[in-house]
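Here are the chains, one letter per residue:
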Amino acid sequence: TGYELQNIIPEKNCILVNNNHIFYDELILALGARVNIPDIENIDCSNIFTLHSLEDGIAIKNAMEKSSKVLIIGGGYIALELAQAFIKNGLDVVMMVRNSTLMSTFDDDISEIILNNVRQIAKEKIEIRLSEEIVRFNKEGDIFKSALSSKGETIEADFCVLSTGIVPNSEIPARSGIHIGSTGAIYVDNKMRTNVQNIFAAGDCAQKYSIITKKPLYIGLGTIASKEGRIAGINAVGENFENFDGILASAITGFFNFTMSKTGLSEKRALELSKEVNLEPVSTTVVKKDKA
């Protein structure tokens, strides 16, 4: 810890770290990702948080304990889990969602079911504003006091949490001649090798592939990162190469007693890809209780 990668010099099998050259036989890049920070005026206020590290979680908890209302920007898994945590602790929640649906990775009809259930469960404790963005944070000193929305409305809150997705840390590899895929993450093959000999990449900095379509996609999940790391490690030190042939992008979460999960392609995405990868999607909807 406390060492920063400054450059990769593949032709010399060497990296620059804290102004020192370190030589390698094999190099595994597990650079992770960072929070995608929207371009919003005054977003650097001290009571506007992201959730990426344990320290972030502690800072958010400290802010929560002296607050009564929070603004969450985003409408995905993390945003919904944050909303539940804040409501459990007695706060009122405003969720600002850029998309026209909550949990937009689902098909629209399922997203509508999720939205209705969240509103019914949380009742007056949550306000979900769809198809709306924040254009400016209004501040006093470095403290956010209210936010101006794209619909011209002012939303007041005691603090704000950004749940706006992640961006792979791929800039240093890109400068070093390592190919970056169409998703913005590091290109790897099914052995987690980059295009540069003896350099592997794994986790949130590496591009993924759909096991269904074989097309690139990008999703940051710890379960995937763990598998990729194991395979990159095995392949970097051994001769019996292991393969990682793709993901289904499975994910599950809950909002109090309501569970939502998905795996594989949504119908919407399958239809978009139907001609490109020769899919003929059909769908049916079944509503029933879930069980472990």
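Up top is the structure these notes are about.
Quick caveat: nothing in here was measured; it's all calculated off a predicted structure.

Novice: Please explain the overall build of the chain as it appears in this structure.
Specialist: Looking only at helices and strands, the chain has 6 helices and 19 strands in total. Across its three principal directions, the C-alpha atoms of the chain cover 60 × 55 × 35 Å. Taken over 292 residues, the chain has a buried fraction of 41%. When contacts within the chain are restricted to residue pairs at least 6 apart in sequence, long-range pairs at least 24 apart make up 55% of them.

Novice: So what exactly am I meant to see when it comes to the sheet that holds strand β11 (residues 143-149) here?
Specialist: Backbone hydrogen bonds are what pair the strands of a sheet, in a parallel or an antiparallel way. On the basis of which strands lie adjacent, the open sheet formed by 3 strands has the order β10-β11-β12 and antiparallel pairing. The sheet terminates laterally at β10 (134-140) and β12 (154-156), the two strands that pair on one side only. Taking each pair of neighbouring strands and ignoring which way they run, the sheet shows an average axis angle of 30 degrees.

Novice: Help me out: how do you make sense of the pairing of β11 in this one?
Specialist: On any regular strand, side chains alternate: one points to one face of the sheet, the next to the other face. Of all the 7 residues making up β11, 5 are buried; the element is thus mostly covered by neighbouring parts of the structure. Bridge count between β10 and β11: 6 bridges; the pairing is antiparallel. Paired with lysine 139 across the strands is phenylalanine 144, a residue of β11. Here β11 runs beside β12; their pairing, made up of 3 bridges, is antiparallel. Each residue of the ladder has a partner; that of alanine 147, found in β12, is isoleucine 155. Counting the residues in the hairpin turn of β11 and β12 gives 4 residues, including glycine 152, whose phi is positive at 80 degrees.

Novice: Where do I start with the nonpolar core in this structure?
Specialist: Within soluble globular proteins, side chains that are nonpolar generally end up buried alongside one another. With 33 residues, the main nonpolar core has Phe86, Met95, Leu102 and Phe159 as its most contacted residues. Here this core gets 7 residues from one element, more than from any other, and that element is helix α2 (residues 77-88). Beyond its immediate chain neighbours, meaning those up to four positions away, leucine 102 contacts Gly75, Leu80, Met95, Val97, Ser111, Ile114, Leu115, Val118, Ile128 and Leu130. One finds Ile15, Ile199, Phe244 and Ile247 within the second-largest nonpolar core, a separate group that totals 26 residues.

Novice: Could you clarify how one ought to interpret unusual backbone geometry in this entry?
Specialist: If a residue is not glycine, its phi is most likely negative; likewise, a peptide bond is most likely trans. For asparagine 18, which is not glycine, the phi torsion reads 50 degrees and is therefore positive. Even without being glycine, methionine 103 reaches a positive phi, approximately 55 degrees. When you line up the elements, methionine 103 lands in the loop between β8 (92-96) and α3 (108-122).

Novice: For this particular structure, what's the right way to read the sheet that holds strand β3 (residues 20-23)?
Specialist: The sheet built from 3 strands is open, its strands ordered β1-β2-β3 with antiparallel pairing. For this open sheet the edge positions go to β1 (5-9) and β3, each flanked by a neighbour on one side alone. Sheet twist, expressed as the mean angle between neighbouring strand axes with direction ignored, is 25 degrees. Of the strand pairs in this sheet, β1 and strand β2 (residues 14-17) are connected by 4 bridges, and their pairing is antiparallel. Looking at the pairing, isoleucine 8 lines up with isoleucine 15 of β2.

Novice: So what exactly am I meant to see when it comes to the packing of aromatic side chains here?
Specialist: Geometry of an aromatic ring pair is reported as the spacing of the ring centres plus the angle between the planes. Summed over all chains, the structure comprises 4 aromatic pairs. On the basis of an interplanar angle of 70 degrees and a centroid distance of 6.1 Å, the ring pair of phenylalanine 49 and phenylalanine 159 is categorised as edge-to-face. With a gap of 110 residues between them, phenylalanine 49 in strand β6 (residues 48-50) and phenylalanine 159 in strand β13 (residues 159-162) connect regions that are remote in the sequence. Aromatic side chains phenylalanine 137 and phenylalanine 144 sit 5.3 Å apart centroid to centroid with 85 degrees between the ring planes, which places their arrangement in the edge-to-face category. Residue phenylalanine 144 is classed as buried on the basis of its relative accessible area, which comes to 1%. Among the aromatic residues, those joined into a cluster by ring pairs are Phe49, Phe86 and Phe159.

Thresholds, definitions, all that
Each chain carries its own residue numbering, running from 1 in the written order of its sequence. Local features in this predicted model are restricted to residues whose pLDDT is 70 or higher, and side-chain atom pairs enter the listing and the counts only when it is 80 or higher, whereas totals over whole chains, interfaces and linings include all residues. Heavy atoms from the whole structure form the basis of all side-chain values; hydrogens and water molecules are not counted. Only DSSP runs of H or I covering at least 4 residues are called helices, and only runs of E covering at least 2 are called strands; the numbering of each starts at the N terminus. Only protein chains enter the accessibility calculation, which uses a 1.4 Å probe; a residue is then buried when its area is under 20% of its type maximum, exposed when over 50%, and partly exposed in between. By the convention used here, residues are in contact when the closest approach between their heavy atoms is within 4.5 Å. DSSP calls a pair of strands paired once it identifies at least 2 bridges connecting them. Axis lines are fitted to C-alpha atoms, over the contacting stretch for helices. Their N-to-C directions set the angle, which ranges from 0 to 180 degrees. The set of buried Ala, Val, Leu, Ile, Met, Phe, Trp, Tyr and Cys residues whose side-chain atoms join them within 4.5 Å is what this entry labels a nonpolar core. Each Phe, Tyr or Trp ring, with Trp reduced to its six-membered ring, pairs with another whose centre is within 6.5 Å; inter-plane angles below 30 degrees give stacked pairs, above 60 give edge-to-face pairs, and intermediate values give tilted ones.

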